[in-house]
Amino acid sequence: MPYEFEEILETIRMTEIEHFDIRTVTMGISLRDCHDRNIEVTKQKIYEKILRYGGQHVKLAKEVEAQYGISIANKRISVTPISIPFDACSMDEFIEIAKILDLAAEEIGIDYIAGYSALVQKGMTNGERELIKSIPYALSQTKRVCSSVNIGSTKAGINMDAINLMSEAIKLTAELTREKDSIGCAKLVVFANAVEDNPFVAGAFHGVTEPEIVLNVGISGPGVVLEAIKEAGQVDLQQLSEVIKKTIFKITRAGELIGRKVAEKNGIPFGIVDISLAPTPAEGDSIADILKAMGLEDVGAPGTTAALAMLNDSVKKAGLMASSSVGGMSGAFIPVSEDMGMIRAVQAGNLSLEKLEAMTAVCSVGLDMIAVPGDTSAATIAGIIADEAAIGIINDKTTAVRIIPAFGKKVGDMVDYGGLLGKAPVMEVRTISSAGFVGRGGRIPAPMRSLTN
Amino acid sequence: MKFTEDEIRKITFEAINELGDKATPESVKELVRGRVEGLGGDYKFEKGDASSGRVILTSFGLNHPGIVAGVTKALGDAECDIQDLSQKLLGDFFTMIMVIDISSSHKDLKEIQEEMNKVAELMKIKIYLQHEDVFRFMHRI
């Protein structure tokens, strides 16, 4: 027998019992050749190109699932940040483009298409301003389009003007999608140090340095890590790190295999494997549960940041050994709404926004899927984004904010989206004002990279 | 001679170019069939690339007479070659793992999986079929 009995059963246990799946195979498509002076021609070009490359994406990914017995949770598409090829467009034209992206996504049978984006860490072009203005309307008039805007980077600093525009856009998006618990905000990410090859929607986009087309894969597998930690029992932290690494190694190898096979079937190049641990609302598929299994009474207890740092670091070490194509975010995601353990910790009063912020300093990717009261002011949201961006640019890492000022809701209420977006309890936000600071506008200069204490 | 999917795709594109405007699905198929068979290959478009190579079959459930017979009979009917077999009993619980080569089968992996699902239902056991690569990638450096 070329494999041990236990090895085969371990794989079966991972895929069948412990929720091991590939979180996403995301096809990145460049739209840089789709511009035309006539918006109708532009739309036609976009639609045709996405269908030409992505038409078989879902079908081929399903074939790979059956072949290897590993399910792929999401098949998605990312495109060039829309503001770049279509910089000459007006707000209304951008909305038209969003609609055509939505239509293309529907036609090829995917749930989300990402890249309705702009990169404005240093400053904004007219087109980028128009795109940001259009975001609330685009997200409320489409179902599948996801948007992201990068407002800061270690090299450029933090663009506070862009943050202020984005916090207004978030508020308006929440209002325009109030019928569905402000779901538009769940499709809108504000980044610092955004990466160009991130396969994880909503923050995915196909960066300008990427090839014509590429296939990136995002692994998952908190459930598998959780079981491995539980099985390890009472061991010290070095041994625990070993346990995590061994598990992640296997997950990453499987992820790369699946990604390469989907790329091969599509006849396109394979890009990267993103080794982020991404939770789902399924019971047991939770980062919070891992932290608890590591010994914390609940997420939010003192020690949470340290435990998360160790988990994240172990994941990276193992992933880098397993694959030479590691990229994207590659960390641990801690979205509140998509993780049952996190939801419970918030409801029990054990986890606050401030503790979450501290946790994002040691893991990707930021304050993710956080619901806050609907009357939270734009200035306060701008302050939250600026804090998160500061953590990102000072530590040279990606951070993001996906915050939902749930229209008409107050602390303790729930927003419920179903599916992978899950549900989130509305969290308390400090009401002392940040308006004077964020209202100054301008740009926080790029940070220095020495004397880093 | 065996062709990979890429090679067949290349031959197909050549055929399409050669036929130009006159190309129809039938005429392309005919031309490609001629080319492939001329090179001594098997013309079997309906088989995906999954049919090549080895597959690991894992089955488990409560032990009762006839499980091995049922599984092997279905594999035999599908012309699969059983290359290795290992089986364990833990109390009443039965586990069997097989390495099978399905490249000689007239069915592809998906069809064999469907056959096995029927057997699994009949025997009240679980059967999984996965391409060998997933185990090689996960457990071998």
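This is a predicted model, so every value here is computed, not measured.

**What to know about the interface of chain B and chain A**
Each partner contributes residues to the interface: chain B has 31 residues there, and chain A has 28 residues. Summed over the three residues of chain B that lose the most area to chain A, namely F137(B), M138(B) and H139(B), the buried surface amounts to 24% of that side. For the pair chain B and chain A, the number of links is 2 salt bridges. For E6(A), the salt bridge goes to K88(B), with nearest N and O atoms at 3.5 Å. For the pair chain B and chain A, the number of links is 11 residue pairs in polar contact (both at pLDDT 80 or more). Going through the elements one at a time, strand 1 (54-62), strand 2 (81-90), strand 3 (93-101), helix 4 (109-123), strand 4 (125-131) and helix 5 (133-139) of chain B are the ones with two or more residues in the side of chain B that touches chain A. Top contributing element to the side of chain B that touches chain A by residue count: helix 5 of chain B, with 7 residues. A class-by-class count of the residues in the side of chain B that touches chain A yields 14 nonpolar, 8 polar and 9 charged.

**What about helix 10 (residues 304-322) of chain A?**
An α-helical turn contains 3.6 residues, so any two residues separated by three or four positions project in the same direction. All names here are of chain A. Between the first and last C-alpha of helix 10 there are 27 Å, a value that for 19 residues agrees with the 27 Å anticipated at 1.5 Å per step. Those residues of helix 10 that sit buried are T304, T305, A307, L308, M310, L311, N312, S314, V315, A318, G319 and A322. Elements that come into contact with the buried residues of helix 10 comprise helix 7 (222-232), helix 8 (237-266), helix 9 (287-293) and helix 12 (353-359).

**Considerations on the domain arrangement of chain A**
Residues and elements named next belong to chain A. Per the domain assignment, the segments of chain A are domain 1 (25-192) and domain 2 (216-444). Taking the mean C-alpha position of each, domain 1 and domain 2 sit 22 Å from one another. Across the contact, 49 residues belong to domain 1 and 49 residues belong to domain 2. In total, domain 1 and domain 2 occlude about 4000 Å² of area from one another, counting both sides; carbon and sulfur atoms represent 68% of this.

**Things to note about the pairing of strand 1 (residues 22-29) of chain A**
If a strand is regular, its side chains alternate between the two faces of the sheet. Residues and elements named next belong to chain A. Where burial is concerned, most of strand 1 is hidden: 8 out of the 8 residues are buried. The sheet contact formed by strand 1 and strand 7 (residues 213-219) spans 7 bridges and is antiparallel. Among the inter-strand pairings, M27 is bridged to a residue of strand 7, identified as L215. Of the strand pairs in this sheet, strand 1 and strand 2 (residues 72-79) are connected by 7 bridges, and their pairing is parallel. If you follow V25 over to strand 2, its bridge partner there is K75.

**Digging into the packing of aromatic side chains**
The tally for this structure, following the rule as stated, stands at 4 aromatic pairs over all chains. Arranged with centres 6.1 Å apart and planes meeting at 45°, the rings of Y3(A) and F135(B) form a pair that is tilted. Linking Y3(A) in the segment before helix 1 (5-16) with F135(B) in helix 5, this pair reaches from one chain into another. Judged on exposure class, the residue Y3(A) and its partner F135(B) are both buried. Ring centres of F60(B) and Y128(B) lie 6.0 Å apart, and the angle between their planes is 45°; on these two criteria the pair is classed as tilted. You can see F60(B) sitting in strand 1 and its partner Y128(B) sitting in strand 4, a full 68 residues away along the chain.

**Examining helix 1 of chain A**
For helix 1 of chain A, spanning 12 residues, the distance from its first C-alpha to its last is 16 Å, which sits close to the expected 16 Å at 1.5 Å a residue. Looking only at helix 1 of chain A, the buried set comprises F5(A), E7(A), I8(A), T11(A), I12(A), M14(A) and T15(A).

**Observations concerning the pattern of salt bridges**
Within this structure, the stated rule accounts for 32 salt bridges over all chains. A salt bridge links K245(A) to E242(A); the nearest nitrogen and oxygen atoms lie 3.3 Å apart. With K245(A) and E242(A) both in helix 8, this residue pair falls 3 residues apart, about one helical turn. Using a relative accessible area of 24% as the deciding quantity, one classes K245(A) as partly exposed. E18(B) is paired through a salt bridge with R35(B); the nearest N and O atoms lie 2.8 Å apart.

**Observations regarding the sheet that holds strand 1 of chain B**
Residue and element names in this part refer to chain B. Pairing is antiparallel in the open sheet, where 4 strands are placed in the order 2-3-1-4. Each end of this open sheet is capped by a strand with a single partner; those strands are strand 2 and strand 4. Strand-to-strand twist across the sheet, computed as the mean angle between neighbouring axes with direction ignored, equals 15°. As defined by bridge partners, strand 2 adjoins strand 3 across 9 bridges and the pair is classed as antiparallel.

**Topic: the pairing of strand 4 (residues 145-153) of chain A**
Residues and elements named next belong to chain A. Counting buried residues along strand 4, 9 of its 9 residues qualify, which places the element largely inside the surrounding structure. Where strand 3 (residues 113-119) and strand 4 come together, 6 bridges link them in parallel fashion. Bridging from a neighbouring strand, I113 pairs with V145 of strand 4. In this fold, strand 3 hands off to helix 5 (residues 126-141), which returns the chain to strand 4; that crossover is right-handed. The sheet contact formed by strand 4 and strand 6 (residues 188-192) spans 5 bridges and is parallel.

**Quick notes on the packing of helix 3 (residues 57-68) of chain A against helix 8 of chain A**
Residue and element names in this part refer to chain A. Closest axis-to-axis distance for the helix 3/helix 8 pair is 9 Å, and the angle between their directions is 135°. For the element pair helix 3 / helix 8, the angle class is oblique. Along this stretch, helix 3 crosses helix 8, giving a crossing that reads as right-handed. Of helix 8, the residues touching helix 3 (which contributes H57, L60, A61, E63, V64, Q67 and Y68) are L257, I258, K261, V262, K265 and N266.

**Brief notes about unusual backbone geometry**
For the bond from V201(A) to A202(A), the omega torsion is 15°, close enough to zero to count as cis. By secondary structure assignment, the location of A202(A) is in the loop between strand 6 and strand 7.

Parameters at a glance
- Residues numbered from 1 in each chain as written.
- Chains lettered and ligands numbered in written order.
- Predicted model: local features only at pLDDT ≥ 70, side-chain atom pairs only at ≥ 80, totals over all residues.
- Heavy atoms only, no water.
- Contact = heavy atoms within 4.5 Å.
- Buried area = accessible area lost by both parts, 1.4 Å probe.
- Salt bridge = Lys/Arg side-chain N within 4 Å of Asp/Glu carboxyl O.
- Polar contact = N/O pair within 3.5 Å; in protein donor to acceptor, adjacent residues only side chain to side chain.
- Helix = DSSP H or I, 4+ residues; strand = E, 2+ residues; numbered from the N terminus.
- Nonpolar A, V, L, I, M, F, W, Y, C, P; charged D, E, K, R; others polar.
- Expected span 1.5 Å × (residues − 1).
- Buried < 20%, exposed > 50% of the residue type's maximum accessible area, 1.4 Å probe, protein only.
- Domains from an automatic or database assignment.
- Pairing = 2+ DSSP bridges.
- Phe/Tyr/Trp six-rings, centres within 6.5 Å; stacked < 30°, edge-to-face > 60°.
- Axes fitted to C-alpha atoms, helices over the stretch in contact; angles between N-to-C directions.
- Right-handed = clockwise from strand over helix to strand, strands pointing away.
- Parallel < 35°, antiparallel > 145°, perpendicular 65-115°, else oblique.
- Left-handed = near helix turned anticlockwise from the far one by under 90°.

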